[in-house]
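# Structural features, examined
Here is how the chains run, residue by residue.
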Amino acid sequence: MTTPSSAPHSAPARCPVQHGSPIDTDGPRVSLYSEEFAADPHHAYREMRRQYGSLVPVNIAPDVPATLVIGYHTALRILNDPEHFPADPRTWQKGVPGECPILPMLEWRPNALRSAGLEHTRYRQANVAAIAEVDLHSLHATVERIAVPLINAFCQDGAADLISQYAFPLTFAVLNATLGCPPEIGQQVASGMAAIFEGVNADKGNAMLTDALFDLVTLKRNEPGDDITSRLLAHPAKLDDVEMIHQLVTLYGAGIEPQQNLIVNTLLLMLTDDRFAGNVLGGSLSTRDALDEVLFTDPPMANYCVSYPRQPVLIDGVWLPAHQPVVISMSGCNNDPSISVGEYVDNRSHLAWSVGPHACPARSMAYLIVQDAIDQLLDALPELDLAVAANELSWRPGPFHRALVSLPVVFPKSPPLNVF
């Protein structure tokens, strides 16, 4: 396991100075992108807390230093203080090579996630308004319409990988439906987003994604419909084509990978915890209970909500350097011993959706999609079981997500569901 003092990939780099001046000095950093970290991040968070407290010097990619926040109350202070912790990365990224694998995840874009001040307000208002008009009753029907054929494609096999055969294609198709994106454009979007999240050929993935979203914006300017893209275009903010592309980047980034991971991580809990499992339908707790617990313990975006202090900031006795990434560990903060009591039912004080001016505006949609996806699957195949031991599952390395490589399951072969 990579520990703060022995990270094998960490070259000496700049880090916050404890109880000193805002001058950075060399020191060890925790690698958030290593396979060791992905395999057991909770152990890593405990070691970080023991050695560093609430603010941890990390590398989020080779030679890309950042500060990771693992203290819950410290995170609240930062997330609710956009004046001192703005989300605009433009000064930082001037010193980052274009081929840096995480740059597409962090670089400046003209959207709410990467803007501050009046720019942020303008983009945020357009997104909130466009998302608020999604009909949740119709969305429920959309999830069912997409889930049933996916389940029918493997229900007679007695085995499936619930990521490649269910969670990914479902979240992708549901998001395309809400955005009004046709399949041929959507496939380009999916390929580009995958490259960005994996950090492999991320620059090419970014270009592919941009081209596909330009095609979608052009289509919706000419043929508007009852969808989020058309409502963004019609909003009084009068977003131009470039701005539209970058609103859609955020929506796809938040709508595919994190929702897929939330479905999968929740299913893993339900299949391995006796409170939910042992014949899933016989469990005493609901899908929503499992979902809320996972949002605490293994949120799909484990480390994100990045900000860049305008000037050196002293917080918790540590100087944070100006224009260097401050990354909120939703997973580390949610499991901070100062607030975690191990009770998750009806407890939604977690940071998985973030808080403050950048809090997720689509959480109601996400809850509905994820819960419906899980319920559709378990209603159809109530005797699901893991095909391998839980400790044999592999987690994908990466500084931001908490994501399995695959989720293989077995179940009694079942006849196809009726397609409505």
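Coordinates for the structure precede this section.
Residue numbering note: each chain is counted from 1, following its sequence as written. Reporting of local features is limited, given that this is a predicted model, to residues whose pLDDT is at least 70; pairs of side-chain atoms are given and counted only at 80 or more, and all residues count toward the totals for whole chains, interfaces and linings. The basis for every side-chain value is the complete set of heavy atoms in the structure, and neither hydrogens nor water enter the calculation.

So, about the packing of aromatic side chains. Any Phe, Tyr or Trp ring, taking Trp's six-membered ring, that has another such ring centre within 6.5 Å forms a pair; planes under 30 degrees apart are called stacked, those over 60 apart edge-to-face, and the others tilted. Counted according to the given criterion, the structure contains 7 aromatic pairs. Ring geometry for F37 against Y45: centres 5.7 Å apart, planes inclined by 85°, an arrangement best described as edge-to-face. Burial classes: relative accessible area under 20% of the type maximum marks a residue as buried, over 50% as exposed, and values in between as partly exposed (1.4 Å probe, protein chains only). The exposure class of Y45 is buried, given its relative accessible area of 3%. An aromatic cluster is defined as three or more aromatic residues linked by ring pairs; in this entry it consists of F154, Y166 and F411. In this scheme, Lys NZ or Arg CZ marks a charge over a ring once it lies within 6 Å of the ring centre and within 35 degrees of the ring normal. Its end group placed over the ring of W395, R402 keeps NZ or CZ at 3.6 Å from the ring centre.

Helix numbers and strand numbers start at the N terminus; a helix is a DSSP run of H or I with at least 4 residues, a strand a run of E with at least 2. Counted residue by residue, strand β5 (residues 64-69) has 6 buried out of 6 residues, so it is predominantly covered. Going residue by residue along β5, you find V64, A66 and L68 tucked away on one face and P65, T67 and V69 tucked away on the opposite face as well. At least two bridges found by DSSP between two strands is the condition for calling them paired. The pairing of strand β4 (residues 55-61) with β5 spans 6 bridges and is antiparallel. In the strand pairing of β5, V58 is matched with A66. The hairpin formed by β4 and β5 contains 2 residues between the paired strands, and D63 there has a positive phi angle of roughly 60°.

When a carboxyl oxygen of Asp or Glu is within 4 Å of a side-chain nitrogen of Lys or Arg, the pair counts as a salt bridge. Here the structure, examined in full by the defined rule, presents 15 salt bridges. Among the salt bridges present, the one from R122 reaches E243, with a minimum N-O distance of 2.7 Å. Here the residue R122 occupies a position in helix α6 (residues 117-132), and E243 occupies one in helix α12 (residues 241-255), the gap between them amounting to 121 residues. Residue R122 is classed as partly exposed on the basis of its relative accessible area of 29%. A salt bridge links R275 to E293, with the nearest nitrogen and oxygen atoms 2.7 Å apart. One end of the pair, R275, is in the loop between α13 (257-272) and α14 (287-297); the other, E293, is in helix α14, and 18 residues separate them in sequence. Owing to a relative accessible area of 9%, E293 belongs among the buried residues under this scheme. The network of salt bridges with shared partners includes D88, R90 and E119.

So, on to the packing of α14 against helix α16 (residues 363-380). Lines fitted to C-alpha atoms define the axes here, with helix axes fitted over just the stretch in contact, and angles between the N-to-C directions of these axes take values from 0 to 180 degrees. It is at 10 Å that the axes of α14 and α16 come closest, and there the two elements cross at 125°. In this view, α14 runs oblique relative to α16, as classed from their interaxial angle. Where α14 crosses over α16, the two elements pack in a sense that is right-handed. The residues of α16 that touch α14, namely those facing T287, R288, L291, D292 and L295, are Y367, V370, Q371, I374 and D375. Of the residues contributing to the contact of α14 with α16, the split by class is 5 nonpolar, 2 polar and 3 charged. Angles are sorted into four bins: roughly parallel if under 35 degrees, roughly antiparallel if over 145, roughly perpendicular if 65 to 115, and oblique for all others. Take the far helix as your reference; a near helix turned counterclockwise from it by less than a right angle gives a left-handed crossing, and one turned clockwise gives a right-handed crossing. Should any heavy atoms of two residues lie within 4.5 Å, those residues are counted as being in contact. Charged residues are taken to be Asp, Glu, Lys and Arg, nonpolar residues to be Ala, Val, Leu, Ile, Met, Phe, Trp, Tyr, Cys and Pro, and polar residues to be all remaining types, Gly included.

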